[in-house]
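# Fold and geometry: a report
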Amino acid sequence: MQEIVGVKFKKLGKIYFFNPNGLVLEKGQNVIVETARGIEYGEIAITNGRVTEEKIVAPLKDVIRVATEEDTKTFLENEKRSAEAFKTCEEKIKKHELDMKLIDVEYTFDNSKLLFYFTADGRIDFRDLVKELAAIYKTRIELRQIGVRDEVKMLGGYGMCGRELCCCNHLSDLNPVSIKMAKEQGLSLNPTKISGVCGRLMCCLKHEQEVYEEKLSRLPSAGSIVKTPEGTGTVEEVEVLKELVKVKLQSEDTFVRKVFKNSEIEIIKSGKRKEKYDPDVNMKELKALEEGFKRDDM
């Protein structure tokens, strides 16, 4: 077991493990740490604890010190300078007529590097832009192309639910989402209804997936033959979250449909789960939606 603290560098950024180096740290404290890209200013997200070696990405870097007032002042100055660099870079992008969209600019704490984050449809030849920026700022310049989900996470926004986007509110990691999740949750497969602001599958599809999987493992599928308190019948529909089963029963020469609790029925023969057919679904567009999500995860 190794003692660690968790540090994040952005409000909803990924949490990284560091060696507390003998310090007892509280959540919300600012610290100076050693990272692969130099000295950085971060915030404690996980207090002192122990984890197994398997959860640590070696080598484990050290927390150098608790941030001082001078460190905080430097950090805030860097943010102000980053905002100014953003405006300058936008002007240079227009000058060089580059088909790219600047999203964010960030100085490393020790000013050893200036990072520019951008989106673009394809590869961009920005060598002349880098040379011009390096001549202006006299430091190492790095341009990073990011995906549309990362763009939305940085810029913020609101979803169709009316609430702040999950990636901007509480998701530190963007987890993979698949069309299978939408199918199992009984959602319309129309791309316009299951895609988020970023144009990829909505991250919230992941939130309830474990619950749906657990419940579906107990519920019969449509077409199953089941025994109910009122006789044997065929399952027509299930309400997953309520665990209710709609069964078609034969009564003399007619059929009646009744709803039972899942605990009241017994499966005699399982049917195969069928996908709902929606004539409005463009399957090529739906496939592209999922493939685009996978590309952003790379």
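Attention here is on the structure that accompanies the text.

Rules used throughout
- Residues numbered from 1 in each chain as written.
- Predicted model: local features only at pLDDT ≥ 70, side-chain atom pairs only at ≥ 80, totals over all residues.
- Heavy atoms only, no water.
- Helix = DSSP H or I, 4+ residues; strand = E, 2+ residues; numbered from the N terminus.
- Rg over C-alpha atoms; globule rule 2.2 N^0.38 Å.
- Contact = heavy atoms within 4.5 Å.
- Lys, Arg positive; Asp, Glu negative; His and termini not counted.
- Charge placed at Lys NZ, Arg CZ, Asp CG, Glu CD.
- Expected span 1.5 Å × (residues − 1).
- Buried < 20%, exposed > 50% of the residue type's maximum accessible area, 1.4 Å probe, protein only.
- Pairing = 2+ DSSP bridges.
- Axes fitted to C-alpha atoms, helices over the stretch in contact; angles between N-to-C directions.
- Phe/Tyr/Trp six-rings, centres within 6.5 Å; stacked < 30°, edge-to-face > 60°.
- Lys NZ or Arg CZ within 6 Å of the ring centre and 35° of its normal.
- Disulfide = S-S within 2.5 Å.
- Polar contact = N/O pair within 3.5 Å; in protein donor to acceptor, adjacent residues only side chain to side chain.

The next point concerns the overall build of the protein. Check the secondary structure of the protein and you find 8 helices and 13 strands. For 298 residues, the compact-globule formula gives about 19 Å, and the C-alpha radius of gyration of the protein, at 27 Å, lies well above that figure. The principal-axis extent of the C-alpha atoms belonging to the protein is close to 90 × 50 × 30 Å. A fraction of 60% describes how many contacts in the protein between residues 6 or more apart in sequence connect residues 24 or more apart. Across the protein, the centroid of the 51 positively charged side chains sits 3 Å from that of the 52 negatively charged ones.

Its 27 residues place the ends of helix α1 (residues 69-95) 39 Å apart at the C-alpha level, agreeing with the 39 Å of an ideal helix rising 1.5 Å per residue. All of the buried residues in α1 are Asp71, Asn78, Ser82, Ala85, Cys89, Lys92 and Ile93. Along its buried surface, α1 packs onto β3 (30-35), β4 (38-51), β5 (63-66), β6 (101-107), β7 (113-119) and α2 (127-137). Backbone geometry just after α1 places Glu97 at a positive phi near 55°.

With that out of the way, let us pick up the sheet that holds strand β8 (residues 140-145). Taken in spatial order, the 3 strands make up an open sheet running β6-β7-β8, and their pairing is mixed. The sheet terminates laterally at β6 and β8, the two strands that pair on one side only. Within the sheet, the average angular offset between the axes of one strand and its neighbour, ignoring direction, is 20°. Where β7 and β8 come together, 6 bridges link them in parallel fashion. Paired with Phe116 across the two strands is Leu143, which belongs to β8. Taken strand by strand, α2 contacts β6, β7 and β8, and its axis lies near 140° from that of β8.

The geometry of an aromatic ring pair is captured by two quantities: the separation of the ring centres and the angle between the planes. Evaluated as defined, the whole model comprises 5 aromatic pairs. Each ring, one from Phe118 and one from Phe126, has its centre 5.8 Å from the other, and the planes form 80°; the classification is edge-to-face. A residue is classified by how much of its surface remains accessible, and Phe126, at 23% relative accessible area, is partly exposed. The positively charged end of Lys248 is found above the aromatic ring belonging to Phe255, 4.9 Å away from the centroid.

If you walk across this open sheet you meet the 5 strands as β12-β11-β10-β9-β13, and the pairing is antiparallel. Strands at the two margins of the open sheet, each flanked by one partner only, are β12 (254-261) and β13 (266-269). Ignoring strand direction, the axes of neighbouring strands in this sheet form an average angle of 40°. Relative to strand β11 (residues 244-251), strand β10 (residues 231-239) runs antiparallel, the two sharing 6 bridges. In the strand pairing of β11, Val238 is matched with Val245.

All right, on to the environment of Thr52 then. With respect to the element layout, Thr52 can be found in the loop between β4 and β5. Between the C-alpha atom of Thr52 and that of Gln2, which follows or precedes it by 50 residues, the distance is 6.3 Å.

What follows concerns the state of the cysteines. With the rule as written, the count across this model stands at 0 disulfides. Lacking any disulfide linkage, Cys168 is separated from the closest cysteine sulfur, that of Cys167, by 3.8 Å. No disulfide involves Cys203; its sulfur sits 5.9 Å from that of Cys167, the nearest cysteine.

Moving on: the side chain of Glu132. Inspection of the secondary structure puts Glu132 in helix α2. Within polar-contact distance, the side chain of Glu132 engages the side chain of Lys92 at 3.0 Å. Apart from residues lying up to four places away in sequence, Glu132 is in contact with Lys92, Lys95 and His96.

The analysis is restricted to geometry; functional conclusions fall outside its scope.
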